[in-house]
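# Residue-level structural notes
Here is what each chain is made of, one letter per residue.
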Amino acid sequence: MTKGKRFLIGGVVILAALAYIIYGGMQQALVYFKMPSELRAEEKSLHGKFLRMGGMVVQGSMQKDLQNLIYRFEITDGSTNFPVYFKGVPPDMFVEGKGAVVEGRLGDDGVFQATTIMAKHAEDYSPHADGKNASKSFVPAKETGAK
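Here's what I pulled together on the structure shown here. The shown structure was predicted, so the numbers you read here are calculated from the model rather than taken from an experiment.

### What to know about the packing of aromatic side chains
- All told, the structure shown has two aromatic pairs when counted by the stated rule.
- With 6.4 Å between their ring centres and 45° between their planes, tyrosine 71 and phenylalanine 86 make a pair best called tilted. Residue tyrosine 71 is located in strand 3 (residues 70-76), and its partner phenylalanine 86 is located in strand 4 (residues 81-87); the two are separated by 15 residues in the primary sequence. Neither residue differs from the other here; tyrosine 71 and phenylalanine 86 are each classed as buried.
- Arranged with centres 4.9 Å apart and planes meeting at 65°, the rings of phenylalanine 73 and phenylalanine 94 form a pair that is edge-to-face. With a gap of 21 residues between them, phenylalanine 73 in strand 3 and phenylalanine 94 in the loop between strand 4 and strand 5 (99-106) connect regions that are remote in the sequence.
- Look at phenylalanine 73 and you get buried, because its relative accessible area is 2%.

### Notes on the environment of phenylalanine 73
- Taking the C-alpha atoms as reference points, phenylalanine 73 and phenylalanine 86, 13 residues apart in sequence, are found 8.6 Å from one another.
- Once residues lying within four places of it in the same chain are set aside, the contact partners of phenylalanine 73 are Val57, Ser61, Met62, Phe82, Pro83, Val84, Phe86, Phe94, Val102 and Ile117.

### Quick look at the pairing of strand 6 (residues 112-119)
- Sheet topology note: the strand 4/strand 6 ladder contains three bridges and is parallel. Following the sheet pairing, phenylalanine 86 is matched in strand 6 by alanine 114.
- Pairing between strand 5 and strand 6: seven bridges, direction antiparallel. By the bridge assignment for strand 6, valine 102 is matched with isoleucine 117.

### A few points about the pairing of strand 3
- Burial analysis of strand 3 places five of its seven residues in the buried class, which makes it a mostly covered element.
- Alignment of strand 1 (residues 50-57) against strand 3, held across two bridges, turns out to be antiparallel. Of the residues in strand 3, the one forming a bridge with methionine 56 is threonine 76.
- Both strand 2 (residues 63-65) and strand 3 contribute to a ladder of three bridges, which runs antiparallel. Within the sheet, the bridge partner assigned to aspartate 65 lies in strand 3 and is isoleucine 70.
- The hairpin formed by strand 2 and strand 3 contains four residues between the paired strands, and leucine 69 there has a positive phi angle of roughly 55°.

### Digging into the nonpolar core
- Among the nonpolar cores identified, the biggest contains 19 residues, and Met53, Phe73, Val84, Val102 and Phe112 are the most heavily contacted of them.
- Sorting the residues of this core by element identifies strand 1, strand 3, strand 4, strand 5 and strand 6 as the ones contributing at least two each.

### Looking at the pattern of salt bridges
- On inspection of all chains with the given rule, the structure shows three salt bridges.
- For lysine 34, the salt bridge goes to glutamate 42, with nearest N and O atoms at 3.2 Å.
- With relative accessibility at 24%, the residue lysine 34 sits in the partly exposed group.
- Given a relative accessible area of 33%, glutamate 42 falls into the partly exposed group.
- A salt bridge links arginine 40 to glutamate 43; its shortest N-O distance comes to 3.2 Å.
- In this structure glutamate 43 comes out as buried when scored by relative accessible area, which is 16%.

The rules behind these values
- Residues numbered from 1 in each chain as written.
- Predicted model: local features only at pLDDT ≥ 70, side-chain atom pairs only at ≥ 80, totals over all residues.
- Heavy atoms only, no water.
- Phe/Tyr/Trp six-rings, centres within 6.5 Å; stacked < 30°, edge-to-face > 60°.
- Helix = DSSP H or I, 4+ residues; strand = E, 2+ residues; numbered from the N terminus.
- Buried < 20%, exposed > 50% of the residue type's maximum accessible area, 1.4 Å probe, protein only.
- Contact = heavy atoms within 4.5 Å.
- Pairing = 2+ DSSP bridges.
- Core = buried A, V, L, I, M, F, W, Y, C linked by side-chain atoms within 4.5 Å.
- Salt bridge = Lys/Arg side-chain N within 4 Å of Asp/Glu carboxyl O.

Right, dumping it as structure tokens:
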């Protein structure tokens, strides 16, 4: 085999390895989640598997046991509600009526046993209502008058 063919074969092998590594990294970086109606349709086949479910937290569904850090709520996609159980500290932006993605497993009782809650935030930016420069917006209102 000539030197040029060996170089070409080595280059192809290296490019294929790089393409495989990049493809694998992109697959892990993508965050897929199921909507409650999709999860309800596939419920029997998904028991015990690690899943992500996303939707809106149903208004009035939140039950909190702050002493034991237990949260029970429902997530909806507008057509189907799905009950969720979570034990732990949720993110600050997690409230009723807002979007959330939960990670966990579907229990035998049909309740999603969440291990992680990711609160979705608004993607809109709105400037200060008074139209002033927001460069010092981290300063509390009491302190701004003292300067």
